[in-house]
Amino acid sequence: MRTAFYISDGTALTSETFGHAILSLFPVKFEHKTLPFVDDDEKALKAVQEINAAFAESNEKPLIFHTFVNPSLKRIILNSDGVSYDFLDHYVEPVQAELGVAAQPKTNRTHGLNQDYNFRIDAINYTLENDDGVSTRNYGEADIILVGASRTGKTPTCIYLALQYGIKAANYPLTEEDMGPIELPYDLKMHRHKLFGLTIDPERLQNIREARRANSRYSSMEQCVLEINEIESIFRQEAIPYLNSTHASVEEIAAKIMTTAKLKRHRY
């Protein structure tokens, strides 16, 4: 199997994002290896050894996605047996020409453009404290509240929204207690404008629940169908926007929620 390396003298997050986006276009399997903080000659030479070893093992040149600010470290990596792709190098010169301003490279600066770490930390703490309907007293601070059946992806989506976008996301599971008469629980009605629903195909929900609690009423197909039908009825009756998470990744779900709910990423 061919290997893809994501290397940087910083966190390597930009290298990973760029590399994964490119490789997702090709129907080829890769072994992915991320090497962050390669910030001195010794670490760079060690990275080269790892790249060369991957080449020797597979007899296929590894792909190297890198964003080095230090030119001497970059030269060391370029002398490896891999094929290098530098995202920053490709675009800096034309952008520099357009802006009429010389680039001033600095390690990790790329992550300060769109992400305010204080917002993200606060959002993550909020999301963890308001997970799974454990507490509803701080819903006034929420940017969004995800609702749906248990195991439809609410928690991982909330965490991703907080981590990637700085969004304060709470989530509340709709259970049988909430589905006698078809209406929202009181705590949710008070924040109706913040609600966003997640649903899922009953067959997929049954598979997920079976792995968690096998041979139980909770994981039975009958129960899964009942819950999904009831909850989707609530969504339609209350005009709550919702989407089906069956075939979507957490990243895709979060991006669609951001767009549909018109949420804005928190920035500096």
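The paragraphs below set out a description of the structure included in this document.

Conventions used here
- Residues numbered from 1 in each chain as written.
- Predicted model: local features only at pLDDT ≥ 70, side-chain atom pairs only at ≥ 80, totals over all residues.
- Heavy atoms only, no water.
- Core = buried A, V, L, I, M, F, W, Y, C linked by side-chain atoms within 4.5 Å.
- Buried < 20%, exposed > 50% of the residue type's maximum accessible area, 1.4 Å probe, protein only.
- Helix = DSSP H or I, 4+ residues; strand = E, 2+ residues; numbered from the N terminus.
- Contact = heavy atoms within 4.5 Å.
- Pairing = 2+ DSSP bridges.
- Axes fitted to C-alpha atoms, helices over the stretch in contact; angles between N-to-C directions.
- Phe/Tyr/Trp six-rings, centres within 6.5 Å; stacked < 30°, edge-to-face > 60°.
- Lys NZ or Arg CZ within 6 Å of the ring centre and 35° of its normal.

## A few points about the nonpolar core
Of all hydrophobic cores here, the largest spans 20 residues; its most connected members are Tyr 139, Ile 145, Val 147, Leu 174, Leu 188 and Leu 195. Within the residue set of this core, elements represented by two or more residues are strand 5 (144–148), strand 6 (169–173) and helix 9 (221–237). In this view, Ile 145 contacts Tyr 139, Ala 170, Leu 188, His 191, Lys 194, Leu 195 and Phe 196; residues no more than four positions away in its chain are not counted. Membership of the second largest hydrophobic core comes to 15 residues, among which are Tyr 165, Ile 167, Ala 254 and Met 258.

## Overview of the sheet that holds strand 2 (residues 30–35)
Strand order in the open sheet made by the four strands is 2-1-3-4, with parallel pairing throughout. Both edges of this open sheet fall to strand 2 and strand 4 (83–86), since each of them pairs with a single strand only. Averaged over neighbouring strand pairs, the angle between their axes works out to 20° when direction is ignored. In the sheet, strand 1 (residues 2–7) pairs with strand 3 (residues 63–66) via four bridges, with the strands oriented parallel. Across the sheet, residue Phe 5 finds its bridge partner in strand 3, namely Ile 64. Helix 4 (residues 87–99) contacts strand 3 and strand 4 of the sheet and is inclined by roughly 40° relative to strand 4.

## Considerations on the packing of aromatic side chains
Going through the model one piece at a time under the given rule, you end up with five aromatic pairs. Aromatic side chains Phe 65 and Tyr 85 sit 5.4 Å apart centroid to centroid with 25° between the ring planes, which places their arrangement in the stacked category. Of this pair, Phe 65 sits in strand 3 while Tyr 85 sits in strand 4, and the two are 20 residues apart along the sequence. Since its relative accessible area comes to 2%, Phe 65 is described here as buried. Following the ring pairs from residue to residue traces out a cluster consisting of Tyr 6, Phe 18, Phe 65 and Tyr 85. Positioned over the ring face of Tyr 218 is Arg 209, at 4.3 Å from the centre of the ring. Taking the ring centre of Tyr 218 as reference, the NZ or CZ of Arg 213 above it sits at 4.2 Å.

## Some points on the sheet that holds strand 6
Strand order in the open sheet formed by four strands is 6-5-7-8, and the pairing between neighbours is parallel. This sheet does not close on itself; its edge strands, each paired only once, are strand 6 and strand 8 (242–244). Taking each pair of neighbouring strands and ignoring which way they run, the sheet shows an average axis angle of 25°. Bridge count for strand 5 against strand 7 (residues 195–199) is four bridges, and the pairing is parallel. Of the residues in strand 7, the one forming a bridge with Val 147 is Gly 197. On the sheet, helix 6 (residues 154–165) packs against strand 5, strand 6 and strand 7 and is oriented at approximately 175° with respect to strand 6.

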